[in-house]
Amino acid sequence: MSRSHLLSRLAVLTCAALALPQLLGCLEHPLKLVEYDKTQVEQTGIQLAVNKDVDILFVIDDSGSMAEEQALLASNFGAFIGVLEADDVKANYRIGITTTDMGNPRCGKDDTTPTNGELVLSSCLDRIDDGDFVFNGVEPPLDASFACTAVCDKTDAELAIRPTATERDPEAKPRPWLENIEGQTNIPDDVTTLEAFQCFGPQGVAGCGFESHLESMYQALTKADTNGDPNFGFLRDKAILSVVFLTDELDCSLNDAHKDVFIGNKIFWNDPEDPLPTSAVCLRAGVECSGSGDPSFESCYSQDYDESGAPGASAEDAVLFPVGRYTDFVQSIEDVKREDDQGQDVLVAVIGGVPEGYAAGDAEISYSGVADDAFLDDFGIAPGCTLGEGKALPPVRLKEFAESFAVDEERNMFSICQDNYSSALSAIADKIRDQIKPACMPQCVKDQDETTPILDQECTLVEENPLTGDSVPVLPCVDSGGAWVPEGDSTVCYVALNDDEGLTATEDDDLSDYCKELGYNLEFEIVRDGPAAAGSQITATCLLSELSEVDCPLLGG
């Protein structure tokens, strides 16, 4: 099935009466009253995107050096989730987690924990005894269980996942992601989504040290569109997609057809006499730098090498999958989403080896070949940032991928070399919030009573479900203790926001700045008591203004 079927979001379809021909130019005087034959008014359907759906994929480096960083991500995650759950956002979000471990010929399955893009949703407490938080790459082995126990106090039994259906799979079953849809989560009622992530987020340190960030993302999103896979249904057709990477190393997304470069072909190794390759292979097999490197290279950029070490290899011959494989893939997802919402962006962010202040433009990445010999033997390049004894590599391939999806040319990479990720996480969430747009009525609605200070609209709303054929009216919400709620046994209602100048005593009916700037005079807020049924949509029919030039001057005729 094509990516155009990535699941449908809630949408409001507005069936609006088309305005009659523009007659201002024919009037003898602009103020002359004109009678219209309203029996000639036609109706048409106009799709209005009411999209608060967000699918977020976290790709978390689970190699041996990532214990502190995972603990920080979990402990600071409130800055991220707080934006999504704010009263003025209330995003309908899903959060999926996978790791950078795609396996490698040098990473035995007995020693590492390859996820191969599968979404992982289990308490880190239950994984401690499995050895996920023990790094065997040093002597004695490093116990990194603090990355879990410092932030998590709930086991899988206390985080039992509620069965849910998706738009593409009507069978209710536990899904490998965390979700909050219309205020209803898939975790126990006494557990917050923040508490859940603080247990689900830490992935341990037993992952392969040849990290495959980009291929892990690719596989996770591909499986989300593969019927029968546990990831299936994670992505929704029109939901905002956000991908967040947390890593301190270079991308090493190996094409398994060329795995010999980690076994017997030592063209990218430090020395042909070496018994084992180091992570420096990932640099030499996928990155080219110009200049001497002393004190710094002029630039570093992705390069496609074949097994002989020759640059400019074809996609098939490249040892590491080309970055273009991933930009093209994600761009195709964005293109499909823009068929319904031209302004929707796929959002990408990296918390990686860039200096503090890089995201704000206050610092630049330095690519240097000057470091102690042992570090260069291990990684091939100097750190991109440091914090205490912690060092992170400049993420060359990840940077090129991330910059391909930068919104408004703003930097979307944040330093992993910080002792607090709250500002980075809130900035990433703010970009998601900016993508959630109000439900503006995309035509000029007629004012049925011009003696009142605000718009008096005449609209009818209906909820329809093409999957079941059901159709029920959607009534206005009622005020219950200062909150809008459906009346009686209804599970959905609407609030008409029609005050574009703050003329009433309450802010509850104020039109959003977004809709006002576009020139619209009506906006709908849909309120639900629980998630919508799969496939449901709301249709609104409103009487339109005959003189939109006057009633909605920013729209014109």
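Refer to the structure above for everything that follows.
Numbering of residues starts from 1 in each chain and follows the order in which that chain's sequence is written. Local features are withheld for residues below a pLDDT of 70 in this predicted model, meaning they are given only at 70 or higher, and side-chain atom pairs are given and counted only at 80 or more; totals for whole chains, interfaces and linings count all residues. By convention in this description, side-chain values take in all heavy atoms of the structure and omit both hydrogens and water.

Participant: What exactly am I supposed to notice about the state of the cysteines here?
Facilitator: Joining two cysteines, a disulfide is a covalent bond between their sulfur atoms. Pairs of cysteine sulfur atoms within 2.5 Å are what we label disulfides. For the structure shown, the criterion picks out 10 disulfides. Between the sulfur of C252 and that of C282 lies a disulfide, 2.3 Å long from S to S. Of note, the bridge from C252 to C282 carries an S-S torsion of about -85 degrees and is left-handed in sense. Of this pair, C252 sits in the loop between β11 (240-246) and α7 (280-284) while C282 sits in helix α7; the two residues are 30 residues apart in sequence, bridging distant segments of the chain. The exposure classification of C252 matches that of C282, with both residues buried. Linked covalently through their sulfurs, C459 and C542 form a disulfide whose S-S length is 2.0 Å. The sign of the S-S torsion, about 115 degrees, decides the handedness of the disulfide formed by C459 and C542: right-handed. Taken as a pair, C459 in strand β19 (residues 459-465) and C542 in strand β25 (residues 537-542) lie far apart in primary sequence, 83 residues in all. Take C459 and C542: they sit in the same class, and that class is buried. Every helix listed is a DSSP run of H or I at least four residues long, and every strand listed is a run of E at least two residues long, numbered separately from the N terminus. Using a 1.4 Å probe on the protein chains alone, a residue whose accessible area is under 20% of its type maximum counts as buried, one over 50% counts as exposed, and one in between counts as partly exposed.

Participant: What am I meant to see in the pattern of salt bridges here?
Facilitator: Two side chains carrying opposite charge are able to pair once their charged atoms lie near each other. Take a side-chain nitrogen of Lys or Arg and a carboxyl oxygen of Asp or Glu: if they are within 4 Å of each other, that pair is a salt bridge. Enumeration over the complete set of coordinates arrives at 23 salt bridges. When the shortest N-O distance is used, the salt bridge between K173 and E171 registers 3.9 Å. Under the relative-accessibility criterion, K173 is labelled partly exposed at 29%. Residues joined in a network through salt bridges with shared partners are D169, E171, K173 and R175.

Participant: What should I look at first to understand a negative patch on the surface in this one?
Facilitator: Each patch is assembled from residues with relative accessible area greater than 30% and no salt bridge, linking like charges that lie within 9 Å and nonpolar side chains (Val, Leu, Ile, Met, Phe, Trp, Tyr) that lie within 5 Å. For the area figures, the Shrake-Rupley method with a 1.4 Å probe applies, and any residue is considered shielded solely by the protein chains shown. For the purpose of charge, His is not counted, nor are the chain termini; Lys and Arg are scored as positive and Asp and Glu as negative. For the purpose of locating charges, the reference atoms are NZ of Lys, CZ of Arg, CG of Asp and CD of Glu. Together, D372, D373, D377 and D378 give the surface a local cluster of negative charge. Tracing the backbone shows D373 in helix α9 (residues 373-379).

Participant: Even after reading the chapter, I still don't get unusual backbone geometry, so can you show me in this structure?
Facilitator: Excluding glycine, residues mostly carry a negative phi; peptide bonds, for their part, are mostly trans. The linkage connecting E139 with the following residue, P140, adopts the cis geometry, with an omega of -5 degrees. Residue placement: P140 occurs in the loop between β5 (134-135) and β6 (142-143). Look at the link from D294 to P295: it is a cis peptide, with omega at 10 degrees. Tracing the backbone through its elements, the reader meets P295 in the loop between β12 (287-290) and β13 (299-302).

Participant: Even after reading the chapter, I still don't get the side chain of T193, so can you show me in this structure?
Facilitator: Mapped onto the fold, T193 is located in helix α5 (residues 193-200). Definition of a polar contact: a pair of N or O atoms within 3.5 Å, with one able to donate and the other able to accept a hydrogen when the atoms are protein atoms, and with sequence-neighbouring residues admitted only if both atoms are side-chain atoms. A distance of 3.1 Å separates a polar atom in the side chain of T193 from a polar atom in the side chain of Y93. The contact criterion used throughout is that any non-hydrogen atoms of two residues lie within 4.5 Å. Residues contacting T193, with those up to four places away along its chain left out, are I81, E85, Y93, L178, N180, T185 and I187.

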